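If you want the building blocks of each chain, they are given just below.
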Amino acid sequence: MTATIIILVLYFLVMLAIGWMASRRIKSSRDYILGGRGFGPWLTAFKFASTWESGVKLVGSPGMAWNVGWAAFSMGIATPVCYFFSFRVFGQRMKVAFDHYNVLTLPQLLEKRYNSRAIRMLAALAILIGLGGSLVAQFKATGEIFSVTLGIPYVTSLFIGASVVGVYCILGGYLASVWTDCLQGILMIAGSIVIFVATANVALGGLHPDFFSQLNLQLAAIDTNLLDITGGGKIPAGQIVIIIAITALVGIALPQQSVAIFSMRDVRTARAALVICTFFSAILAWTLVPTGMMARLVLDTATIPNPDSVIPMLITKVLSPALGGVFIAAILSAIMSTVSGTIVVAASTLSEDLFRFVIPNLSAKHPVACNRTGALVFVLIPMLLAINPPAIIFWIGVFAFGFLVFTFLMPMIGVILLPRTPKQAVLAQMLVTMVVIPFWAVAGQELTGIPSLLAGLVLSPLVFAVAYALTKNKPCSEDIRRLWQKYALLEGGPGGRA
């Protein structure tokens, strides 16, 4: 236990030191929110991947694998597709659009693209709601890990983790987030490999050529549903479709992911970042999911209170205190990398898209102070909500991501693919999505049996398509024509058509 505590203290000190060093380079809101927009492929890739492959992945994914078996791969099976779409299909145009409008936040980009202050306000509200839910999930993961592995109360561990990541984000902004994400991504890979190998040694006598066949035989002896694609109905096919859809579209529709694309040095950075991210994802998926399934062979099911406790209990069972400290640091890295990116994006939205209108004079005179105040707010509120969260980590994360994806997908499609997209179609789609998904989760899901995110998956593009068809005849502005000409030049074409 002493070795574990020493490793964690050193880890926390390094994170705080990085935040302090980054703070010395913050001179403006642009520095705080985007870190200077000059990041190359490695920093871009680790920022994007470690933010996405979060505590939901390192804690929630093995827990889900313990619960449902191979069906847990549905959580990450589309992740390589996510990286391909993010960096090759969507990302380069998104980077061009962001530079074209010379903005700091995603709501500002949508306001400029559609010439609508109302869209900017709706986008800011959606980000605050969706990212708030995501932060609750990440902070809950922090509390679970410390509570089980170190034997300290959940609330105490929650405050420790939230305080550390909060301090370095408040100090160093996006630059601190990028630097820490690179180190944290390395720790995530190392920790995932360590616990996979250690669990395999205990459960199946180590890694050998027939490792997976033996694992399947053991799982089938426990419950044949663990080999089923839906986990015997525990993850319905419709829910798998939702998860895959969300995963494939995060690069274009999740603000905390798109900021990594906006801050790239240039569009060529995206091509190398795609390869790095794909290898990162493959390593995590093929270590964490089998580890969760092997936990069935190592832990007594009767002693596991909920799936989120599987990894904390496995740490104490198969790892030495020193290696346990390494893996706890890896989990904290996954959580903190997502939390830091989320805090900075939410803080920028709060300070640049809301404070600027509520307290314009103060925001103009002290922009970085307002940015840091926004970060502080988005540390405190989710941390308090995480004291008694409503569900397990996996589903909190899925709902928060789904809410954001379905809210922003069609507006961002209009930014990069549909030059004639009218603001009325975007407003209608955003309003319906932001109202229907929470309402359906409370009332409609129980009455109809249809998951709220599946309702959002259907209604969001449907409402957009209807409104688009009714209002698309307005001609494109000259500014939109120039943007599409830049897209054409990016892709080697002679000019743009809008």
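As shown above, the structure is provided for reference.
A brief look at the structure comes next. Since the structure is predicted, the reported quantities are computational estimates derived from the model, not experimental observations.

**Observations concerning a nonpolar patch on the surface**
So, step 1. Taken together, the side chains of Ile-5, Ile-6, Val-9, Leu-10 and Leu-13 present a nonpolar region at the surface, about 450 Å² in accessible area.
So, step 2. Positionally, Leu-10 belongs in helix α1 (residues 2–23).

**Concerning the environment of Gly-36**
So, step 1. Mapped onto the fold, Gly-36 is located in the loop between α2 (29–34) and α3 (41–52).
So, step 2. Discounting chain neighbours no more than four positions away, the residues touching Gly-36 are Arg-30 and Asp-31.

**Here's the deal with the packing of helix α8 (residues 154–204) against helix α16 (residues 367–385)**
So, step 1. Contact pair α8 / α16: the axes reach a minimum separation of 9 Å and the direction vectors enclose 165°. The angle between α8 and α16 falls in the class roughly antiparallel. The chirality of how α8 crosses α16 is right-handed. Counted together, Leu-158, Phe-159, Ala-162, Gly-166, Ile-170 and Leu-171 of α8 and Arg-372, Ala-375, Leu-376, Val-379 and Met-383 of α16 form the full contact between these two elements.
So, step 2. Looking at the contact of α8 with α16, its residues break down into nine nonpolar, one polar and one charged.

**As for the packing of aromatic side chains**
So, step 1. Scanning the model with the defined rule gives 15 aromatic pairs in all.
So, step 2. Taken together, a centroid distance of 5.9 Å and an interplanar angle of 65° make the contact between Phe-39 and Tyr-174 edge-to-face. With a gap of 135 residues between them, Phe-39 in the loop between α2 and α3 and Tyr-174 in helix α8 connect regions that are remote in the sequence.
So, step 3. On the basis of relative accessible area, Phe-39 is assigned to the buried category, the value being 7%.
So, step 4. Geometrically, the ring pair formed by Phe-85 and Phe-90 is tilted, given 5.5 Å between the ring centres and 50° between the ring planes.
So, step 5. Since its relative accessible area comes to 29%, Phe-85 is described here as partly exposed.
So, step 6. Through a chain of ring-to-ring contacts, the aromatic side chains of Trp-70, Phe-196, Phe-211, Phe-212 and Trp-286 assemble into a single cluster.
So, step 7. It is Arg-296 that lies over the ring of Trp-66; its NZ or CZ is 4.9 Å from the centre.

**Regarding the pattern of salt bridges**
Two side chains bearing opposite charge may form a pair once their charged atoms approach each other closely.
So, step 1. Inspection of every chain in the model, using the stated rule, returns six salt bridges.
So, step 2. With a closest N to O distance of 3.0 Å, Lys-47 and Asp-181 form a salt bridge. Of this pair, Lys-47 sits in helix α3 while Asp-181 sits in helix α8; the two residues are 134 residues apart in sequence, bridging distant segments of the chain. Both residues of the pair, Lys-47 and Asp-181, belong to the buried class.

**Here we look at the side chain of Gln-92**
So, step 1. Positionally, Gln-92 belongs in helix α5 (residues 79–101).
So, step 2. For Gln-92, a relative accessible area of 7% gives the class buried.
So, step 3. Side chain to side chain, Gln-92 and Arg-271 meet in a polar contact 3.5 Å long.
So, step 4. When near neighbours in sequence (up to four residues on either side) are disregarded, Gln-92 contacts Phe-87, Val-267, Ala-270, Arg-271 and Leu-490.

Definitions and limits used
Residues numbered from 1 in each chain as written. Predicted model: local features only at pLDDT ≥ 70, side-chain atom pairs only at ≥ 80, totals over all residues. Heavy atoms only, no water. Patch = residues over 30% accessible without salt bridge, like charges linked within 9 Å, V, L, I, M, F, W, Y side chains within 5 Å. Areas by Shrake-Rupley, 256 points an atom, 1.4 Å probe, with all protein chains shown as cover. Salt bridge = Lys/Arg side-chain N within 4 Å of Asp/Glu carboxyl O. Helix = DSSP H or I, 4+ residues; strand = E, 2+ residues; numbered from the N terminus. Contact = heavy atoms within 4.5 Å. Axes fitted to C-alpha atoms, helices over the stretch in contact; angles between N-to-C directions. Parallel < 35°, antiparallel > 145°, perpendicular 65-115°, else oblique. Left-handed = near helix turned anticlockwise from the far one by under 90°. Nonpolar A, V, L, I, M, F, W, Y, C, P; charged D, E, K, R; others polar. Phe/Tyr/Trp six-rings, centres within 6.5 Å; stacked < 30°, edge-to-face > 60°. Buried < 20%, exposed > 50% of the residue type's maximum accessible area, 1.4 Å probe, protein only. Lys NZ or Arg CZ within 6 Å of the ring centre and 35° of its normal. Polar contact = N/O pair within 3.5 Å; in protein donor to acceptor, adjacent residues only side chain to side chain.

Any link to function would need more than the numbers given here.
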